[in-house]
Amino acid sequence: MDRAAAREAAPEGSGRALRDRLTRFVAVGEVGVLLALILIVIFFYAMEPAFLSERNVRAILRVVSFVGIIAIGQTILLVGGEFDLSVGAVAGLSAVASAKLMTALALPVPLALLGGVLVGGGVGLVNGLAVVKLKIPAFIQTLGMLFIGQGLIQVVTNGYPVYPLPKVISEIGMADFVFGLGWSFVFFVVAAVTADFVLRRTVLGRNMYATGGNPEVARLVGIDTARYKIGAFIVVGMLAAVAGMFVMADLASGTTSIGSGWELTVIAGVVVGGVSLFGGAGTMAGGLIGILLLQVVTSGLVVIGVNANWQQIAVGLIMVIAVGLDVLRRRYFIAGSSAQPASEPSGGNPA
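This write-up is about the structure you can find in this document.

Considerations on a nonpolar patch on the surface
The grouping of Leu34, Leu35, Ile38, Leu39 and Ile42 at the surface amounts to a nonpolar patch, some 480 Å² of accessible area in total. With respect to the helices and strands, the residue Ile42 is situated in helix α2 (residues 29-47).

Things to note about the nonpolar core
Counting 76 residues, the largest nonpolar core has Ile70, Ile72, Met248, Trp262 and Leu293 as the members making the most contacts within it. Sorting elements by how many residues they give to this core places helix α11 (residues 225-251) first, with 13 residues. In contact with Ile70, not counting residues within four places along its chain, are Val87, Ala91, Val236, Leu239, Ala240, Ala243, Trp262 and Val266.

So, empty space enclosed by the protein
Scanning the entire structure with this criterion turns up one cavity of 30 Å³ or more. In this model, the largest cavity occupies a volume close to 70 Å³. Lining the largest cavity, in full, are Arg62, Phe66, Ile172, Gly173, Gly182, Trp183, Ser184, Phe246, Ala249 and Asp250. Elements with a contribution of two residues or more to the lining of the largest cavity: α3 (54-79), α7 (167-173), α8 (183-201) and α11. Broken down by element, the lining of the largest cavity gets its largest block of residues, three residues, from α11.

Points about helix α12 (residues 262-272)
Across the eleven residues that make up α12, a large majority, nine, are buried. Turning to α12, its buried residues are Trp262, Glu263, Val266, Ile267, Ala268, Gly269, Val270, Val271 and Val272. Just past α12, the residue Gly274 takes up positive phi, approximately 95°.

Each value, and the rule that gives it
Residues numbered from 1 in each chain as written. Predicted model: local features only at pLDDT ≥ 70, side-chain atom pairs only at ≥ 80, totals over all residues. Heavy atoms only, no water. Patch = residues over 30% accessible without salt bridge, like charges linked within 9 Å, V, L, I, M, F, W, Y side chains within 5 Å. Areas by Shrake-Rupley, 256 points an atom, 1.4 Å probe, with all protein chains shown as cover. Salt bridge = Lys/Arg side-chain N within 4 Å of Asp/Glu carboxyl O. Helix = DSSP H or I, 4+ residues; strand = E, 2+ residues; numbered from the N terminus. Core = buried A, V, L, I, M, F, W, Y, C linked by side-chain atoms within 4.5 Å. Buried < 20%, exposed > 50% of the residue type's maximum accessible area, 1.4 Å probe, protein only. Contact = heavy atoms within 4.5 Å. 1 Å grid on protein atoms, 1.4 Å probe; cavity = no way out; pocket = protein on both sides within 12 Å on 5 of 7 lines; lining within 4 Å. Points joined across faces, edges and corners; volume = space filled by probe spheres on them.

Pasting the structure below:
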């Protein structure tokens, strides 16, 4: 009898172990998006081999280096349980403010660039204080700041590009380090590696996950969740400013279109990459792969000649599907892997 029971229990135990391993594998957001990225690249290459031409790959990486800088900050903020819709406007405002400091006030380039970063950090600080201290929902606060930033761009520039900029700015924009990519790509890679290390390997990163995952418990164990969230808002604002000024250097002028539409692209990308809108879940690698996936889709649709309106529809569908999968993953897979068996042994105490 004991042997028969053991034989019956063995398949059940091995099946449960296999199920747990499968659910843990599926719960890793970047696994699915990486496979999707590979399949999409293969599809577009089969449709049009020019998709993987050197010129097109360089163009994709160039755009990713701009938007990806902001995605780094947005990923940190989403992990902490908040998000920022104003990053595109902050990028544009910081760029034109820096350009004005160089031209109208004739400040040295380093001071002007620092001024642009401070503008982005200042906007992030305002957003953080409003959301954390005044309890204004992040959606309302950052959406309002999006409109404020767009208005300030027009006030600062009167609707005209700011130029000519010092020669060193255009030299920064035309720099070529590897594969035709310049300073923006170098900064993107360094910032991504640093941020990934901080989130994965440091107390700061663990506390950020705790802040977004369960803020009440985080406060009970002594984590200053307010400071972490405000700090994340400041970081995303400063990174948005840096991205905007890289575009300014690339164009050699402070145009009013810098950052336009970036806010939705950034949020869509990091969510597609498995970073949860509910906080406390996701990785830097996943978020950046998601940004790359969206850019690959957009570029691929252009290469095969799809109408621009369908490109927007495709991005919207991908984002909706990604959020839906995130909800399902949290509801069934992650919760299911930690569920206790329905029946308890007699006399057993549930954990």
